[in-house]
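Observations on the three-dimensional arrangement
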Amino acid sequence: MVFIVPAQTTEPVASPAAIGLERPYLLRYARLQLRDPALAEDAVQETLLAAVEGAARFSGKSTLRTWLTGILKHKIMDQLRRAGREQPLAGFDDDRSEAEIIDSLFLQNGHWREFPGNWGNPDAELENSRFWSAFELCLQRLPARTARAFTMREVMDLPTEEICQELGITATNCWVILHRARLTLRECLDLQWFGNTNR
Amino acid sequence: MMLNCKQTSELLSQGQDRPLTTFESMRLRLHLLLCAGCRNFNQQLEFMRAALRHYRDRD
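Just so it is clear, the model here is predicted, and its values are computed rather than measured.

1. Digging into the overall build of chain A
Secondary structure assignment for chain A yields nine helices and zero strands. Beginning at the N terminus, the succession of helices and strands in chain A can be written as α-α-α-α-α-α-α-α-α. Residues counted as buried form 30% of the 199 residues belonging to chain A. For chain A, the share of sequence-separated contacts (at least 6 apart) that also reach a separation of at least 24 residues comes to 70%.

Written out as structure tokens, the structure is:
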């Protein structure tokens, strides 16, 4: 008996069905950056539409997900710019500057006010759904402008130069905001999860 | 001058955003050798980056 193996199609496939399967991923990505379910939904809709209409442009050199993420990044940036024109983000969400918040975590001599403790083997938490609730809570607690810079860096993988340009700030200012974001996220995770021995 | 913890945390954070100079890396290494709190912070920075990517990419 002879099995005839159909030749692998050389055309990369970006079928509407395959594109649709990536929707949950794209939505999660957009929500992380935009922090607004309706805006995230819009950005994803626009991405799916552009992808289906432009499916012929998918070369197959990258994975479908990577290609779609590239389109989504542009749609997210459009959303951020549009939203920024309509209602610019206030300087900062609380009265203290980012530098003051950093200062408040250290003593005058530059020592930690509270020494960061050991988180043990935190990778083990990645499988724990309750950890992710704490993680989401801590991300949501970051003030809007701080979170925007931080997720541009950590979710969208943008280099700091691009973030500075988008937000209209200096590189130094950008590093200060990112430093503050990391210190605040660390402090929250420590309080909500790692420091809590009764979890 | 030795780096203090605040300066160390600043450089560790920037190390996630730009290449550090040889001099900066050397001063960091020296401080980290002597300071368990900053060693913990360094590991936590790496963990937070990995966790956020895991959260973004999980299926």
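2. Describing unusual backbone geometry
Residue and element names in this part refer to chain A. The backbone of Arg35 sits at a positive phi, close to 55°, despite the residue not being glycine. At Asp157, a residue that is not glycine, the phi angle is positive and equals roughly 60°. Inspection of the secondary structure puts Asp157 in the loop between helix H7 (144–154) and helix H8 (160–167).

3. Comments concerning the interface of chain B and chain A
Between chain B and chain A, the residue contacts involve 23 residues of the former and 28 residues of the latter. Only helix H1 (5–14) and helix H3 (36–57) of chain B provide two or more residues apiece to the side of chain B that touches chain A. The leading source of residues in the side of chain B that touches chain A is H3(B), at 13 residues. Its residues assigned to classes, the side of chain B that touches chain A comprises eight nonpolar, nine polar and six charged.

4. Overview of the confidence of the model for chain B
Looking at chain B, the pLDDT average stands at 96 and 100% of residues meet or exceed 70. Predicted confidence in chain B is weakest over H3(B), with a mean pLDDT of 96, and strongest over H1(B), with 98.

5. Here's the deal with the environment of His54(B)
Residue and element names in this part refer to chain B. Its place among the elements puts His54 in helix H3. You can call His54 partly exposed: it has 13 C-beta atoms within 10 Å. In the structure, His54 is positioned 47 residues away from Gln7 in sequence and 29 Å away in space, judged by C-alpha atoms.

6. Brief notes about H1(B)
Extensive coverage of H1(B) is indicated by the burial of eight of its ten residues. Within H1(B), burial applies to Cys5(B), Lys6(B), Thr8(B), Ser9(B), Leu11(B), Leu12(B), Ser13(B) and Gln14(B). Of the surrounding elements, those touching the buried residues of H1(B) are helix H9 (171–194) of chain A together with helix H2 (22–34) and H3 of chain B.

7. Details of the nonpolar core
As a rule of thumb, soluble globular proteins bury nonpolar side chains together. Formed by 28 residues in total, the largest nonpolar core has its most connected members in Ala149(A), Leu178(A) and Ala181(A). When residues of this core are traced back to their parent elements, those giving at least two are helix H6 (129–141), H7 and H9 of chain A together with H1 and H3 of chain B. The contact partners of Ala181(A), leaving out residues within four places of it in the chain, are Leu142(A), Thr146(A), Ala149(A) and Phe150(A). Within the second largest apolar cluster, 18 residues are counted, among which are Leu26(A), Ala40(A), Leu48(A) and Trp67(A).

8. Some points on the packing of H9(A) against H3(B)
Running from N to C, H9(A) and H3(B) cross one another at 90°; their axes reach a closest spacing of 11 Å. Relative to H3(B), H9(A) is oriented roughly perpendicular. Across from Arg182(A), Leu185(A) and Arg186(A) in H9(A), the residues of H3(B) making contact are Gln44(B), Leu45(B) and Met48(B). Counted by class, the contact of H9(A) with H3(B) contains three nonpolar, one polar and two charged residues.

9. Concerning the packing of helix H3 (residues 37–53) of chain A against helix H4 (residues 64–86) of chain A
Residue and element names in this part refer to chain A. Look at H3 against H4: their axes get within 9 Å of each other, and the N-to-C directions meet at 135°. Relative to H4, the element H3 lies oblique. Viewed along their axes, H3 and H4 form a crossing whose handedness is right-handed. For the pair formed by H3 and H4, the contact residues are Leu39, Asp42, Ala43, Val44, Glu46, Thr47, Ala50 and Ala51 on the first element and Leu68, Ile71, Leu72, Lys75, Ile76, Gln79 and Ala83 on the second. A per-class count over the contact of H3 with H4 returns ten nonpolar, two polar and three charged.

10. What about the environment of Leu139(A)?
Residue placement: Leu139(A) occurs in helix H6. In this structure, the C-alpha to C-alpha distance between Leu139(A) and Ala18(A), residues 121 residues apart in sequence, is 31 Å.

Basis of the calculations
- Residues numbered from 1 in each chain as written.
- Chains lettered and ligands numbered in written order.
- Predicted model: local features only at pLDDT ≥ 70, side-chain atom pairs only at ≥ 80, totals over all residues.
- Helix = DSSP H or I, 4+ residues; strand = E, 2+ residues; numbered from the N terminus.
- Buried ≥ 20, exposed ≤ 12 C-beta atoms within 10 Å, placed from the backbone.
- Contact = placed C-beta atoms within 7 Å.
- Nonpolar A, V, L, I, M, F, W, Y, C, P; charged D, E, K, R; others polar.
- pLDDT = per-residue confidence, 0-100.
- Core = buried A, V, L, I, M, F, W, Y, C linked by C-beta atoms within 7 Å.
- Axes fitted to C-alpha atoms, helices over the stretch in contact; angles between N-to-C directions.
- Parallel < 35°, antiparallel > 145°, perpendicular 65-115°, else oblique.
- Left-handed = near helix turned anticlockwise from the far one by under 90°.

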